[in-house]
Amino acid sequence: MKQGVLVYNHFLKLESYLRNIRLFMQGCQQAGLLVELKSNAELACIVNSGFISRFPYQFAIFLDKDILLAQALEQNGVRVYNSSNAIRICDHKGLTQIQLAGSSIPMPLTYCGPFSYSNIGYSDLSFLQKKSFPFPVVVKECYGSLGQQVSLAHDKTQLEQIVTRLSPAPFLIQEYLPDTDGSDIRLFVIGGKCVAGMKRTNPSDFRANTEQGGCCIPYQFTDKEAETAQKVCQIIGLDFAG
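Everything numeric in this text was worked out from a predicted model, so none of it was measured. (Residues numbered from 1 in each chain as written. Predicted model: local features only at pLDDT ≥ 70, side-chain atom pairs only at ≥ 80, totals over all residues. Heavy atoms only, no water.)

*Asks:* Can you walk me through the packing of aromatic side chains in this structure?
*Replies:* Under the criterion given, the structure shown has five aromatic pairs. A centroid spacing of 5.9 Å and a plane angle of 55 degrees characterise the contact between F24 and F240, whose relative ring orientation is tilted. Of this pair, F24 sits in helix α1 (residues 15-30) while F240 sits in strand β14 (residues 240-241); the two residues are 216 residues apart in sequence, bridging distant segments of the chain. A relative accessible area of 31% means that F24 is categorised as partly exposed. An angle of 75 degrees between the planes, with centres 5.0 Å apart, marks the rings of F115 and Y117 as edge-to-face. The exposure classification of F115 matches that of Y117, with both residues exposed. Of the aromatic side chains, those joined through ring pairs into one cluster are Y122, F127 and F171. The positively charged end of R79 is found above the aromatic ring belonging to Y81, 4.2 Å away from the centroid. (Phe/Tyr/Trp six-rings, centres within 6.5 Å; stacked < 30°, edge-to-face > 60°. Helix = DSSP H or I, 4+ residues; strand = E, 2+ residues; numbered from the N terminus. Buried < 20%, exposed > 50% of the residue type's maximum accessible area, 1.4 Å probe, protein only. Lys NZ or Arg CZ within 6 Å of the ring centre and 35° of its normal.)

*Asks:* Just checking my understanding: could you explain the pairing of strand β9 (residues 150-153) for this structure?
*Replies:* Both faces of the sheet carry side chains from a regular strand, because those side chains alternate between them. Of the two faces of β9, the one carrying V150 and L152 and the one carrying S151 and A153 are both buried. Sheet analysis places strand β8 (residues 137-141) next to β9, joined by four bridges and oriented antiparallel. Bridge pairing in β9 places V139 opposite S151. (Pairing = 2+ DSSP bridges.)

*Asks:* Please clarify how the side chain of E141 should be interpreted in this entry.
*Replies:* Relative to the elements of secondary structure, E141 occurs in strand β8. Within the buried set, E141 has no salt-bridge partner at all; the shortest N-O distance to an opposite charge, 7.9 Å, is to R165. Excluding residues that lie within four positions of it along the chain, E141 makes contacts with K93, Q149, L166, A169, P170 and F171. (Lys, Arg positive; Asp, Glu negative; His and termini not counted. Salt bridge = Lys/Arg side-chain N within 4 Å of Asp/Glu carboxyl O. Contact = heavy atoms within 4.5 Å.)

Structural measurements only, silent on function.
Laid out in structure tokens, this is it:
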């Protein structure tokens, strides 16, 4: 039987994350898979000119964003779910938008903020004048999860304050869609097939994330919605997503 490993982040202690890890391990046991549970700190690789850490696994279920470790596993011939490249694209919201551009996937109008260096930041905000859609706007740090790095700017002053606060982190500005205020639909895709859906709502915040106070209920997705979610996964190269 093939030996696998489920990789999680050693430093992330959120209960929702830990619960997902437990559920994944239960699923592996129910499926009869031989899977060890290891943190990215336990598996951190060592590299020199002729050597890279060896791993005794044939596959890895990767519940982390440690791209270096994911790529090291791949270079050892380990099949990683999801791949290091898919993780890289999904971890950066700007890369995700660009990857999906031109694919007929519906997306809000998005302005990708320019890159700046960590020791410089955004000292000149004149580039914000290129934003061509009306307020309010949604501002997202490109790296972030659980809605924690997402803000709503109602005017130019608020926008400048948010960008200054984020500096020098890369960010996006997106048009605000009032019909989705405090609600969204999340679909789960495994192996190219949409298998489940949920609707999230938050009456007290424009972000529907459960970590921001949102609640979720089962959702019966349409064929069109499933087709869209499956196409996104195909374009990015995701084995599973939600």
